[in-house]
Amino acid sequence: MNNGKYNLGVLTTSRSDFGLLRGLIDELNNEKNINLELFVTGSHKSKEMGSSLDEIKKLKNVKFTEIYQPNKSINSSTDINISMGSLINKFDKLIKESNITEIIILGDRYEALSVAIASLNRGVRIIHIAGGSVSNGSLDDSYRHMITKCSSLHLVETNQYKNRVMQLGEMKKNIHVIGSLSLNKKFIKHSKFELQKFLNIDDLSNFCILTFNPVTNEQNSGIEDLKALLNTLKNIEQKTLITFSNFDKNSNDFLNVMKSFDKKTDTFYLRNNLGIDKYFSILSLADYMIGNSSSGIIEAGSFKLPVINIGSRQEGRIRGANVIDIKMLTPDNIHKAIKKVQSKKFQENLRSAKNPYEKKDSVLRAKNIITKFLSESNPRPKKFIDLNL
């Protein structure tokens, strides 16, 4: 505490986690007894990824510090290890300069794990958001669980995820189910006309949205599946809005494949940083989503948007009734899946389908839990809680 205020940090590594955290950042920054500081790293400065740092610079009265990363692109395990080592070292120095006593870390990125390690070693208490989930097809799964073990407070999305955090030995009283922060933020809905102008697309009708991220637990990260999927959508002349993949191992190779298809396919539209307001507006207009993004699992259900989830990257996450899975990617399986999600029966079932990640007042509840946590005068050290098996 400094001058009667709590020094609280918030880590953001990408356009996606900033979109999720934005509402909570606004709420906490309005608290008079909190000195809030954002720590900005990862892909935010990348022009290729849409320069989402520009969105952060537009925030009013929010202090932020950039953490420069040595690698502009991540194409190997060595690149990741170099980035992690550099980030641990740099954040260690920033902790001393900023005097933060707690930090909010969302999700499961390798950058997030780096900051968690530096924070743990410096005695900074970690508030972890979105732990307890499982995504077997990605190294993020292991990163997420490691961050959980470094953390003192856990804000999770579902009751099942709460149980998983307890399985990792965390104290029940420090685990709170709040749902997904992204689904509780009021977003500015853009009209079809506005989106067409922004995306430079003549007619945003009868289209799908494709997000396909590297599957970091598989050889070649699933790039052959990406090529097969793009070929299939090209052959059926499906109008497709393609978003950039995550800043992961082999992400540069993925982007090159997407660019190649976009260049030679009239029905493909590759776009980078959309921002959460435009992205959610697009979800409300699309016919369906296809790929392997967690957004299809977590957010799409709130827009009654059908999702065709491909492969193992999201294996283990709780799904709503809007999601169907394709384990083996073949043209025939894709055709069948598209036909199913566009069927009258599937569309009717969507009307009453509930999103398991959507909870009331998630952002406000998160803020209240965090402010109470900060006010603990004598925080007790963590203990490992054994389960009665």
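Residues numbered from 1 in each chain as written. Predicted model: local features only at pLDDT ≥ 70, side-chain atom pairs only at ≥ 80, totals over all residues. Heavy atoms only, no water.

A. Spotlight on the overall build of the protein chain. Within the protein chain one finds 14 helices and 13 strands. Over its C-alpha atoms the protein chain spans a radius of gyration of 21 Å, differing by no more than 12% from the 21 Å that the globule rule assigns to 389 residues. Here the protein chain holds 389 residues, and 57% of them are scored as buried. Of all intrachain contacts in the protein chain linking residues separated by at least 6 positions in sequence, the fraction that spans at least 24 positions is 71%. Where the 57 positive side-chain charges of the protein chain centre and where its 41 negative ones centre are 4 Å apart. (Helix = DSSP H or I, 4+ residues; strand = E, 2+ residues; numbered from the N terminus. Rg over C-alpha atoms; globule rule 2.2 N^0.38 Å. Buried < 20%, exposed > 50% of the residue type's maximum accessible area, 1.4 Å probe, protein only. Contact = heavy atoms within 4.5 Å. Lys, Arg positive; Asp, Glu negative; His and termini not counted. Charge placed at Lys NZ, Arg CZ, Asp CG, Glu CD.)

B. Molecular detail of helix H12 (residues 331–341). The complete set of buried residues in H12 reads Ile 334, Ala 337, Ile 338 and Val 341. Along H12, the residues classed as buried sweep out an arc of 100° about the axis, all on the same side. Every exposed residue of H12 that faces more than 90 degrees away from the buried side is listed here: Lys 336 and Lys 339. (Arc of directions from axis to C-beta.)

C. Up close: the sheet that holds strand S7 (residues 175–177). Strands sit in the order S3-S2-S1-S4-S5-S6-S7 across an open sheet of 7 strands; the sheet is parallel. Edge strands, defined here as strands with exactly one partner in the open sheet, are strand S3 (63–66) and S7. Adjacent strand axes in the sheet meet at a mean angle of 20°, parallel and antiparallel pairs treated alike. In this sheet, strand S4 (residues 102–106) lies alongside strand S1 (residues 6–12) in parallel orientation, the contact comprising 3 bridges. Bridged to Val 10 within S4 is Ile 104. Along the sheet face, helix H6 (residues 159–167) touches strand S6 (153–156) and S7 and points at about 170° away from the line of S7. In the packing of helix H14 (residues 362–374) onto the sheet, contacts are made with S1, strand S2 (34–40), S4, strand S5 (125–129), S6 and S7, and the angle to S6 comes to roughly 175°. (Pairing = 2+ DSSP bridges. Axes fitted to C-alpha atoms, helices over the stretch in contact; angles between N-to-C directions.)

D. Geometry of the nonpolar core. Among the nonpolar cores identified, the biggest contains 32 residues, and Ile 209, Leu 241, Ile 282 and Leu 283 are the most heavily contacted of them. Apart from the residues within four sequence positions on either side, Ile 282 is in contact with Leu 195, Leu 199, Phe 207, Ile 209, Leu 241 and Leu 274. (Core = buried A, V, L, I, M, F, W, Y, C linked by side-chain atoms within 4.5 Å.)

E. Inspection of the pattern of salt bridges at higher detail. Across all of its chains, the model carries 19 salt bridges by this definition. Note that Lys 336 is salt-bridged to Asp 332, the shortest N-O span being 3.2 Å. Residue Lys 336 and its partner Asp 332 are both found in helix H12; the two are separated by 4 residues, about one turn of the helix. With a relative accessible area of 54%, Lys 336 lands in the exposed category. (Salt bridge = Lys/Arg side-chain N within 4 Å of Asp/Glu carboxyl O.)

F. Spotlight on the sheet that holds strand S12 (residues 307–310). In space, the 6 strands of this open sheet follow the order S10-S9-S8-S11-S12-S13, with parallel pairing throughout. With one partner strand each, in any of the chains shown, strand S10 (268–271) and strand S13 (323–326) form the two edges of the open sheet. Ignoring which end each strand starts from, the neighbouring axes of this sheet average 20° apart. Of the strand pairs in this sheet, strand S8 (residues 207–211) and strand S11 (residues 288–291) are connected by 4 bridges, and their pairing is parallel.

G. Seen up close, the packing of helix H7 (residues 192–199) against helix H10 (residues 276–283). In contact at an axis separation of 11 Å, H7 and H10 are set at 120° when each is read in the N-to-C sense. Taken together, the axis directions place H7 and H10 in an arrangement best described as oblique. For the pair H7 and H10, the crossing hand works out as left-handed. Residues Leu 195, Phe 198 and Leu 199 of H7 lie in contact with H10, whose contacting residues are Lys 278, Ser 281 and Ile 282. (Parallel < 35°, antiparallel > 145°, perpendicular 65-115°, else oblique. Left-handed = near helix turned anticlockwise from the far one by under 90°.)

H. Just the environment of Asn 136, in detail. With respect to the helices and strands, Asn 136 occurs in the loop between S5 and helix H5 (140–150). Taking the C-alpha atoms as reference, Asn 136 lies 6.1 Å from Arg 313; in sequence the two are 177 residues apart. For Asn 136, the contacting residues outside a window of four places in its chain are Asp 141, Asn 217, Ser 312, Arg 313, Glu 315 and Gly 316.

I. Seen up close, helix H9 (residues 251–264). Relative to the 20 Å expected for 14 residues at 1.5 Å per residue, H9 spans 20 Å between its end C-alpha atoms, a close match to the ideal helical length. Along H9, the residues that are buried comprise Ser 251, Phe 254, Leu 255, Val 257, Met 258 and Phe 261. Viewed along the axis of H9, the buried residues span an arc of 160°, placing them on a single side of the element. Exposed residues lying more than 90 degrees from the buried face of H9 are Lys 263 and Lys 264. Summarising the contacts, the buried residues of H9 are in contact with helix H8 (223–235), strand S9 (239–243) and S10. (Expected span 1.5 Å × (residues − 1).)

J. Quick peek at the pairing of S10. Across 4 bridges, S9 lies against S10 in parallel orientation. In the sheet register, Ile 242 faces S10, and the bridge partner there is Leu 270. After leaving S9, the chain enters H9 and then returns to the sheet as S10, a path that is right-handed. (Right-handed = clockwise from strand over helix to strand, strands pointing away.)

K. Local environment of the packing of aromatic side chains. A complete count under the given rule lists 5 aromatic pairs for this structure. Ring geometry for Tyr 161 versus Tyr 357: centroids 6.1 Å apart, planes at 50°, classification tilted. In this pair, Tyr 161 sits in helix H6 while Tyr 357 sits in the loop between helix H13 (344–352) and H14, placing the two residues 196 residues apart along the sequence. Residue Tyr 161 shares its accessibility class with Tyr 357, and that shared class is buried. Both rings, one in Tyr 279 and one in Phe 280, keep their centres 6.1 Å apart while their planes meet at 40°; by these two values the pair is tilted. Phe 280 carries the same exposure label as Tyr 279, and that label is buried. Put simply, the rings of Tyr 279, Phe 280 and Phe 303 pair up and form one aromatic cluster. The cationic tip of Arg 125 hangs over the ring face of Phe 373; the distance from NZ or CZ to the ring centre is 3.8 Å. (Phe/Tyr/Trp six-rings, centres within 6.5 Å; stacked < 30°, edge-to-face > 60°. Lys NZ or Arg CZ within 6 Å of the ring centre and 35° of its normal.)

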